[in-house]
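Single-letter residue listing:
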Amino acid sequence: MVRSRAARHLLALSAILLVAWYSLWHWDYLARPSSPDAPPKSSQHGGDDASARLESALVPFEAHVMSKCPDARDCLREMVLPAMQRVHDKVNFTLSFIGTPTDNDGVACLHGPQECMGNILELCAFELYPDPKISLGFTMCISRDYTHIPERTLIQDCALEHAIDFKALNECASGDDGAHGVDLLRKSVIRSKEVSESR
């Protein structure tokens, strides 16, 4: 059952990758103005806002994973990372997590509470370091040794390897007596659930 569920998630991610690749074929078209004489589009606040235009042209690329799942590790390594190495400047990358929201405003994770903590640490890395070269690098690092997530030594070593402030990472995960990290994870899990139900 677990294996088939993971396979369904990998299939969904494959569909997302196909959409991203298809959209990137049209990147050149999306990035240029509609005609050579057309003035640049202004942002809603007025004026020429090149960064807002560029961001709106980025292709959404979202991966839905679990930190202690070997299939998710393989998916990140064999699909997400190679894609990101080629198109990181053309996509708006989001890492979302799979779990079950609970009635007490918490989250239940398929591989237990340790996976929930691993998910929170990865979400905190993305919150603190929005550049996927850093945050995704950290995620890839700890996923290589996923059975030891969230052991302190593994997290510290990967944080050091990717220039992530371990103290800030820990504060993000445990801030407000852990409420901040749980809130990040709950929002992420709800997002994954909504995407799954909309397909």
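For the structure itself, consult the block above.
Residues numbered from 1 in each chain as written. Predicted model: local features only at pLDDT ≥ 70, side-chain atom pairs only at ≥ 80, totals over all residues. Heavy atoms only, no water.

Visitor: Describe the state of the cysteines, and please don't skip the residues or the numbers.
Guide: Taken as a whole, this structure holds 3 disulfides when the rule is applied. With its sulfur 2.1 Å from that of its partner, Cys-109 forms a disulfide with Cys-116. Given an S-S torsion of about 115°, the disulfide between Cys-109 and Cys-116 has right-handed geometry. Classification of Cys-109 as buried rests on a relative accessible area of 11%. Two residues share a disulfide in this structure: Cys-141 and Cys-158, whose sulfurs sit 2.1 Å from each other. As the torsion about the S-S bond is roughly -75°, the Cys-141-Cys-158 disulfide counts as left-handed. With Cys-141 in helix α6 (residues 132-143) and Cys-158 in helix α7 (residues 152-161), this pair connects stretches of sequence that are 17 residues apart. As far as the burial class goes, Cys-141 and Cys-158 line up, both buried. Of all cysteine sulfurs in the structure, the one in Cys-75 sits closest to Cys-69, which takes part in no disulfide; the separation is 9.3 Å. (Disulfide = S-S within 2.5 Å. Buried < 20%, exposed > 50% of the residue type's maximum accessible area, 1.4 Å probe, protein only. Helix = DSSP H or I, 4+ residues; strand = E, 2+ residues; numbered from the N terminus.)

Visitor: Any chance you could break down the packing of helix α5 (residues 113-128) against helix α9 (residues 179-197) for me, citing the residues and the numbers?
Guide: The geometry of α5 relative to α9 is characterised by a closest axis approach of 9 Å and an angle of 90° between their N-to-C directions. Considering their axes alone, α5 and α9 lie roughly perpendicular with respect to each other. Contacts between α5 and α9 pair Cys-116, Asn-119, Ile-120, Leu-123, Cys-124 and Glu-127 from the former with His-180, Gly-181, Val-182, Leu-184, Leu-185 and Ser-188 from the latter. Class assignment for the residues of the contact of α5 with α9 results in 7 nonpolar, 4 polar and 1 charged. (Axes fitted to C-alpha atoms, helices over the stretch in contact; angles between N-to-C directions. Parallel < 35°, antiparallel > 145°, perpendicular 65-115°, else oblique. Contact = heavy atoms within 4.5 Å. Nonpolar A, V, L, I, M, F, W, Y, C, P; charged D, E, K, R; others polar.)

Visitor: For the nonpolar core, give the residues involved together with the corresponding values.
Guide: One broad trend across soluble globular proteins is that nonpolar side chains are buried collectively. Counting 46 residues, the largest nonpolar core has Val-80, Phe-93, Leu-95, Leu-136, Phe-138, Leu-169 and Leu-185 as the members making the most contacts within it. Beyond its immediate chain neighbours, meaning those up to four positions away, Phe-93 contacts Phe-61, Ala-63, Val-80, Met-84, Phe-126, Pro-132 and Leu-136. (Core = buried A, V, L, I, M, F, W, Y, C linked by side-chain atoms within 4.5 Å.)

Just distances and angles here, no functional claims.
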